[in-house]
Amino acid sequence: MAEDCAQNPGRLRDSGMSKILVVFGTRPEAVKMAPLVKQLETRGDSFETRVCVTAQHRVMLDQILDAFDIRPHYDLDIMTSGQDLYDITTHVLAGIRPVLKEFKPDMVLVQGDTTTTFGTALAAYYEQTDVGHVEAGLRTGNIYSPYPEEVNRQLTTRLSKYHFAPTPLNRDNLLKENVSPEHIAVTGNTVIDALIMVVDRLESDQQRSDRVTENIQRAGLAPKILTSATKMVLVTGHRRESFGAGFVNICEAIRSLAAKHAAVQFVYPVHLNPNVREPVEKILSGRDNVHLLEPLPYEEFVHLMSNAYLLLTDSGGVQEEAPALAKPVLVMRENTERPEAVEAGTAKLVGTDRTEIVAGVEELLTDAAAYQRMATATNPYGDGTAAEKIVRFLSEHLSAT
Ligand code: UD1
Ligand code: UDP
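Quick caveat: nothing in here was measured; it's all calculated off a predicted structure. (Residues numbered from 1 in each chain as written. Chains lettered and ligands numbered in written order. Predicted model: local features only at pLDDT ≥ 70, side-chain atom pairs only at ≥ 80, totals over all residues. Heavy atoms only, no water.)

Before going further, it helps to spend a moment on the pattern of salt bridges. For the structure shown, the criterion picks out 35 salt bridges. One salt bridge connects Arg 50 with Glu 48, and the closest N-O pair in it is separated by 3.5 Å. By relative accessible area, which is 30% here, Glu 48 ends up partly exposed. The salt bridge involving Arg 239 is made with Glu 149; its shortest N-O contact spans 3.4 Å. (Salt bridge = Lys/Arg side-chain N within 4 Å of Asp/Glu carboxyl O. Buried < 20%, exposed > 50% of the residue type's maximum accessible area, 1.4 Å probe, protein only.)

And the structure:
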């Protein structure tokens, strides 16, 4: 674990300002870093903040930058079609090096468990620069599930000085790995901040809300699908460990559910990864009640989540957003680093087995009591003040003498 850096102790400079570099590269990191960027911007008296995107995702990242009106200071633009883990790691390292050397931040903030996260933390360590890890302490204990995220997050812990744990359980995981308790803050997850921001916007701005509905129609969904008279199952999926047989199972499960429940609408904004698109398009296209869409901008996706009957996903972020919206979420994975939602009753693991997925969805479609039990559970991921808590922690710790 990184201790105080001799070369760069991360203290206030003579000017009284700390230099913070916020780095992210994929859609979920952008959603979860946006509230923090906004919060840091309100503290221009204490922090000189710069945003660097690796653009490990290009289109899906830009959708989120637009939604939160973030203009990065540095854009490494590393994405290539069909990139592998070597490509991402080496391009992040090579791209971030001149940024670190030029800006010389006191602290680099990274989020979550992507290869952008790990590569950036490693580069910061090479520069002997302190790292703050947002969404720290999530663990499955299985290095191949999720792959490579479990190792990315464990290595990022080792490379970080400060750890922003969403929940007390995440804090306990870090303590078990001998992370110093004074370097951990339990903050809630910044995804809840982002979600609340967007829900509030849509509720308070009718024009914006109308625009979102129009965009959803333009993306290919008829308005009747968004009425309470229609049961809509919202699907997302993209995990590397499910490529191949896992994805075929997922798609076949949706195909048989759609055939059996003709009145239920299955809406699936398909991730841009070719390993996902190929089986999804092959198995699910051309069916009346299966709607395959391009990835949606965040406001549009939040609107769909709010109108869904249930969510079927392998996404980390969606597992956290669903409980906040009181929507049951079936998780198409064998394990989860987010057991809080399962314990709270909102989430259930159904794996990637076709029979289990079908049984899980059918139970919620047909058993009102089972549905209500999952739809009324409480949200364990925070109250929308995570970014504020992180910035407060940073101002206290970076200004300490
Ligand atoms: C990445 C993260 C994963 C995260 C997920 C969120 C790693 C190793 N994986 O996985 O932790 O949960 O993002 O979605 O860091 N593509 C585009 N345009 C885009 C985005 C992706 O065309 O805007 C295509 C490209 O062909 C790209 C491929 O998708 O090569 C895979 O992207 P990549 O970031 O390598 O992996 P993800 O599966 O998206
Ligand atoms: N999301 C989005 N548009 C979509 C699908 C998802 O904006 O079409 C948002 C979703 O609300 C969540 C985040 O993207 O905040 C999750 O990203 P993803 O599932 O790609 O990654 P993970 O969370 O699994 O790392």
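Read on for the rest.
Moving on, we get to the pairing of strand S11 (residues 310–313). Side chains Leu 310 and Leu 312 project from S11 onto one buried face, and the interleaved Leu 311 and Thr 313 project onto a second face that is buried too. Taken together, the four bridges between strand S8 (residues 232–236) and S11 define a ladder with parallel strand orientation. When the sheet's bridge partners are listed, Val 235 is paired in S11 with Leu 312. Judged from the three bridges that link them, S11 and strand S12 (residues 329–331) form a sheet pairing that is parallel. Across the sheet, residue Leu 311 finds its bridge partner in S12, namely Val 329. Running through helix H12 (residues 316–324), the crossover from S11 to the neighbouring parallel element S12 is right-handed. (Helix = DSSP H or I, 4+ residues; strand = E, 2+ residues; numbered from the N terminus. Pairing = 2+ DSSP bridges. Right-handed = clockwise from strand over helix to strand, strands pointing away.)

What follows covers the site of ligand 1. Ligand 1 sits among 25 residues. The nearest are Gln 56, His 57, Thr 80, Thr 115 and Glu 149. At 3.0 Å, a side-chain N or O of Gln 83 approaches an oxygen atom of ligand 1. Here ligand 1 loses 94% of its free accessible area of 750 Å² to cover by the protein chains. At the level of elements, helix H2 (59–67) and helix H3 (85–103) are the ones that each hand at least two residues to the shell around ligand 1. Among the residues making up the shell around ligand 1, the classes are represented as nine nonpolar, twelve polar and four charged. (Near = heavy atom within 4 Å. Polar contact = N/O pair within 3.5 Å; in protein donor to acceptor, adjacent residues only side chain to side chain. Areas by Shrake-Rupley, 256 points an atom, 1.4 Å probe, with all protein chains shown as cover. Nonpolar A, V, L, I, M, F, W, Y, C, P; charged D, E, K, R; others polar.)

As enumerated under the stated definition, the model contains one cavity of 30 Å³ or more in all. By volume, the largest cavity amounts to about 30 Å³. What lines the largest cavity is Leu 138, Pro 166, Thr 167, Asn 170, Asn 189, Glu 320, Glu 337, Arg 338, Glu 340 and Tyr 381. Looking at the lining of the largest cavity residue by residue, the class counts come to three nonpolar, three polar and four charged. (1 Å grid on protein atoms, 1.4 Å probe; cavity = no way out; pocket = protein on both sides within 12 Å on 5 of 7 lines; lining within 4 Å. Points joined across faces, edges and corners; volume = space filled by probe spheres on them.)

Quick look at the site of ligand 2 now. In the region of ligand 2, 16 residues are neighbours, and Leu 296, Ser 315, Gly 316, Gly 317 and Glu 321 sit closest. A distance of 2.7 Å is found between an oxygen atom of ligand 2 and a backbone nitrogen or oxygen belonging to Gly 317. When ligand 2 is considered free in solution it has 550 Å² of accessible area, and contact with the protein chains removes 96% of it. Those elements giving two or more residues to the shell around ligand 2 turn out to be helix H1 (27–41), helix H11 (298–307) and H12.

Cis geometry marks the peptide bond from Ser 145 to Pro 146; its omega dihedral reads 0°. Among the secondary structure elements, Pro 146 is positioned in the loop between strand S5 (130–134) and helix H5 (149–159). Cis geometry marks the peptide bond from Tyr 147 to Pro 148; its omega dihedral reads 5°. By the element assignment, Pro 148 lies in the loop between S5 and H5. The backbone of Asp 69 sits at a positive phi, close to 50°, despite the residue not being glycine. By the secondary structure assignment, Asp 69 is in the loop between H2 and strand S3 (74–75). Given a relative accessible area of 48%, Asp 69 falls into the partly exposed group. Phi is positive for Asp 77, which is not a glycine, with a value near 50°. Along the chain, Asp 77 turns up in the loop between S3 and H3.

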